Amino acid sequence: MTKVALRPYALLPRQYDERQVLASTVDAWGRVLWLICTEARFPARPYGGRSAEPLALPFDALLVTRDGDSVRERTLYDVAVRPGGLEALPGGGLVVHGTCVTGRRNGQVFDRGGRPRRRFAMGAHLIQLVGDRRAGLWACYGDEGMYGGDPLSADALARWDGGGNRLHGFRTPEGARFVVEVDALNVTDSAIRVAHPFGRVLVEQRTGEPPSLWSSLPVSGIRGLAVRDRSLLLGGSEGAGRLHHCRLADGGTVVTGRGELVWPNGDPVRRYSRPVGRGPHLYLRNPRSMRMWYVLSMPD
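As a starting point, this report considers the structure included with it. Not measured: the values here are computed from a predicted model. In this numbering scheme, every chain counts its residues from 1 along its sequence in written order. Given that this is a predicted model, residues contribute local features only at a pLDDT of at least 70 and side-chain atom pairs are listed and counted only at 80 or more, while totals for whole chains, interfaces and linings are drawn from all residues. Water and hydrogen atoms play no part in the side-chain values, which are based on all heavy atoms of the structure.

Some details on the pattern of salt bridges
Which entries qualify depends on this criterion: By definition here, a salt bridge exists when the distance from a side-chain nitrogen of Lys or Arg to a carboxyl oxygen of Asp or Glu is within 4 Å. Secondary structure elements follow DSSP: runs of H or I no shorter than four residues count as helices, runs of E no shorter than two count as strands, and numbering proceeds from the N terminus.
Considering all chains together, one arrives at 17 salt bridges under this definition. The residue D300 makes a salt bridge to R228 at a minimum N-O spacing of 3.2 Å. A residue pair is termed long-range when its members are at least 10 positions apart, and D300 in the segment after β27 (292-297) and R228 in the loop between β21 (222-227) and β22 (231-235) qualify at 72 residues. A salt bridge links E238 to R258; the nearest nitrogen and oxygen atoms lie 3.9 Å apart. Here the residue E238 occupies a position in the loop between β22 and β23 (242-249), and R258 occupies one in strand β24 (residues 252-262), the gap between them amounting to 20 residues.

What follows is the structure in structure tokens.
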């Protein structure tokens, strides 16, 4: 089986303390964002491990952005949620989501100067937020959110705008008896692609159009999805690092090759944080480290 190595993509400069990173992502422009709390505590977690938390809310955070070799920083003032994720907006704005002490307003919009513009409710158990360059934001929700009674997170996937307004939810494939968490998401400026576990289907939705069924998937439990003129699936029942190269044929997805994903040093990839899928690129991070991002890109 062919081994495919991830490439190092972006490294948090060493002058910043990795332990103080609250959230990180790769945005629609290919920039890597790290949200840092300079005065953090490190509570023990029930299932092991430690992660940073702000000492109190609200707090000021440091946003570090890496774009190729360029690194810049700015301050976000009066962050009123414990961040779980973030996403960049056109024009320099930012959306942060997480948990809050009181109420349901767990989302916050910041302007390009780092000043808070609006707090809003974004739904419970939001597990990933991926945006495009048109200020469209796609939020993935887990089971606890979908069945917890909060209408904002009742769908597995919902679309928001950059002002904090929920536009619509993702409709589960026809015939689905219940709503389940999506397996993988790929976002571009013109379309989203969703690997849905019910019936193992790949669904596409273009801007302003209803969802359309692409094809059935040959494997279940996909965790990452990259798309060019073909598709690349990461994960499945054979292992988290298994790669499936696919093409579309007669309404189905045909596997044309398989591979095994490895880290740059050759070690097999067995665990990773939820991948960020953007067109032909998959961005991954080792769950033990917030410092380094890696990329897997489909060839032209």
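Remarks on the side chain of H196
Selection rule: Relative accessible area decides the class of each residue, using a 1.4 Å probe on protein chains only: under 20% of the type maximum gives buried, over 50% gives exposed, and in between gives partly exposed. Nitrogen and oxygen atoms within 3.5 Å of one another constitute a polar contact, given that in protein one can donate a hydrogen and the other can accept it, and given that sequence-neighbouring residues count only through two side-chain atoms. Contacts are assigned to residue pairs with any non-hydrogen atoms lying within 4.5 Å of each other.
Here H196 is to be found in strand β18 (residues 191-196). Judged by relative accessible area, which is 1%, H196 ranks as buried. At 3.1 Å, the side chain of H196 forms a polar contact with the backbone nitrogen of F198. Apart from the residues within four sequence positions on either side, H196 is in contact with F170, T172, P173, V180, V182, D183 and V201.

Notes on the sheet that holds strand β4 (residues 32-36)
Note the threshold: Note on pairing: DSSP must find at least two bridges between two strands before they are called paired. Axis definition: a line fit to C-alpha positions, over the contact stretch in the case of helices; interaxial angles, taken between N-to-C directions, run 0 to 180 degrees.
Reading across the sheet, the four strands line up as β3-β4-β7-β8 and stay open at both edges, with antiparallel pairing between neighbours. Every interior strand has two partners, whereas the edge strands, β3 (21-26) and β8 (70-79), have only one. In this sheet, neighbouring strand axes are inclined to one another by 20° on average, regardless of whether the strands run parallel or antiparallel. Bridging between β4 and strand β7 (residues 59-67) involves five bridges; their strand directions are antiparallel. In the strand pairing of β7, L33 is matched with T65.

Quick notes on the sheet that holds strand β16 (residues 166-169)
Read from one edge of the open sheet, four strands run β13-β14-β15-β16, paired in antiparallel fashion. Edge positions in the sheet fall to β13 (126-131) and β16, since each of these pairs with one other strand and no more. Between one strand and the next, the sheet's axes are offset by a mean angle of 25°, whatever the strand orientation. Bridge count for β13 against strand β14 (residues 136-141) is five bridges, and the pairing is antiparallel. Bridging across to β14, V130 finds its partner in W138.

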